[in-house]
Amino acid sequence: MTEFRRVLFRSENSPKITYGHSKDHRHDLPQLVLSLICGNRGGIPVAFNVHSGNTSDKEIIPNIIEKFEEFLKLIEIQKDFIYTADSALYSKRFLLDKKHNFHWLTRVPESIRTARAILSEDSSEFEWVDLGDGYKIASYPHREGGYKHRWMIVSSRKSHFKEIATLEKNLQKEEDYLHKKNQADQSKRLLQHVGGPA
């Protein structure tokens, strides 16, 4: 292990401990980023890579999948894997890369215009499949980067009520802030009036 560390940190291309987007909200601390592929049975790690602390997930996630696929070819394993990752996988670079010949599953980011348009549509237009426990899904065919994708719209009653509660809480905070600001402005005007010229 000591030998590995010595070689790693002497390399010109070795990862840098630096500031980046912290998922623990610790922007005051430098970091390294570790990418990891785990098997679905027991979550056993099967591949990992280390990246500089300011490396984007949009670069990291496709990178480790590509390296793992190369490794599988090298050891002549023909098994098809389905890669599951967060929405950083769904990037233009990844979608337009023709060498990707594997299956994947991810969340479509709502920053994509088409996704926002679909979510703003009347939900009664979709053919919903009830999954029980307040969940339902609808399939939406989509084409991106020359490939056919199947988007699944997931509706959760619990999540819907949680969003409404969060919205009401934020509205209440805003109302309280405006009320305090209004009171402060009135007090300031009153002081100016009292302290004005005789």
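Along every chain, residues carry numbers that run from 1 in the direction the sequence is written. Thresholds applied to this predicted model are a pLDDT of at least 70 for local features of residues and 80 or more for the giving and counting of side-chain atom pairs; totals over whole chains, interfaces and linings are not thresholded and use all residues. Side-chain measures were taken over the full set of non-hydrogen atoms in the model, leaving aside hydrogen atoms and water.

## Comments concerning the overall build of the chain
Numbering of helices and strands starts at the N terminus; helices are DSSP runs of H or I of at least 4 residues and strands are runs of E of at least 2. Within the chain one finds five helices and seven strands. Helices (α) and strands (β) of the chain occur, in sequence order from the N terminus, as α-β-β-α-β-α-β-α-β-β-β-α. The contacts in the chain between residues at least 6 apart in sequence include a share of 33% that link residues at least 24 apart. The Shrake-Rupley method, run with a 1.4 Å probe, gives the accessible areas here. Residue values count only the displayed protein chains as cover. For the chain, the exposed area adds up to about 16000 Å²; of that, 54% sits on carbon and sulfur atoms. Note on contacts: a residue pair is in contact if any heavy atoms of the two residues lie within 4.5 Å.

## Quick look at a nonpolar patch on the surface
Patch membership requires over 30% relative accessible area and the absence of a salt bridge. Like charges are linked within 9 Å, and nonpolar side chains (Val, Leu, Ile, Met, Phe, Trp, Tyr) within 5 Å. We count a salt bridge whenever a side-chain nitrogen from Lys or Arg sits within 4 Å of a carboxyl oxygen from Asp or Glu. A cluster of nonpolar side chains, namely Val 129, Leu 131, Tyr 135, Met 152 and Val 154, defines an oily patch on the protein surface of about 460 Å² accessible area. On the secondary structure map, Met 152 appears in strand 7 (residues 147-156).

## Some remarks on the sheet that holds strand 7
Ordered in space as 5-6-7, the three strands form an open sheet in which the pairing is antiparallel. At either margin of the open sheet sits one strand with a lone partner, and together these are strand 5 (129-132) and strand 7. Across the sheet, the mean angle from the axis of one strand to that of its neighbour is 35°, orientation sign disregarded. Note on pairing: DSSP must find at least two bridges between two strands before they are called paired. Sheet analysis places strand 6 (residues 135-144) next to strand 7, joined by ten bridges and oriented antiparallel. Bridging from a neighbouring strand, Glu 144 pairs with Tyr 147 of strand 7. Note on method: axes are straight lines fitted to C-alpha atoms, helices fitted across the in-contact stretch only, with angles between N-to-C directions ranging 0 to 180 degrees. Contacting strand 6 and strand 7, helix 4 (residues 113-120) crosses the sheet at an angle of about 40° to strand 7.

## Digging into the pattern of salt bridges
Under the defined criterion, the tally for this structure stands at four salt bridges. Across the pair Lys 23 and Asp 86 runs a salt bridge whose closest N-O atoms are separated by 3.9 Å. Taken as a pair, Lys 23 in the loop between helix 1 (2-10) and strand 1 (32-38) and Asp 86 in the loop between strand 3 (82-85) and helix 3 (92-96) lie far apart in primary sequence, 63 residues in all. By relative accessible area, Lys 23 is classed as exposed at 55%. Note that Arg 26 is salt-bridged to Asp 28, the shortest N-O span being 2.7 Å. Whether a residue is buried, partly exposed or exposed follows from its accessible area with a 1.4 Å probe, protein chains only, as a fraction of its type maximum: under 20%, in between, or over 50%, in that order. On the basis of relative accessibility, which here comes to 40%, the residue Arg 26 falls in the partly exposed class. One network of salt bridges, in which partners are shared, links Lys 23, Asp 57 and Asp 86.

What is shown is where atoms sit, not what they do.
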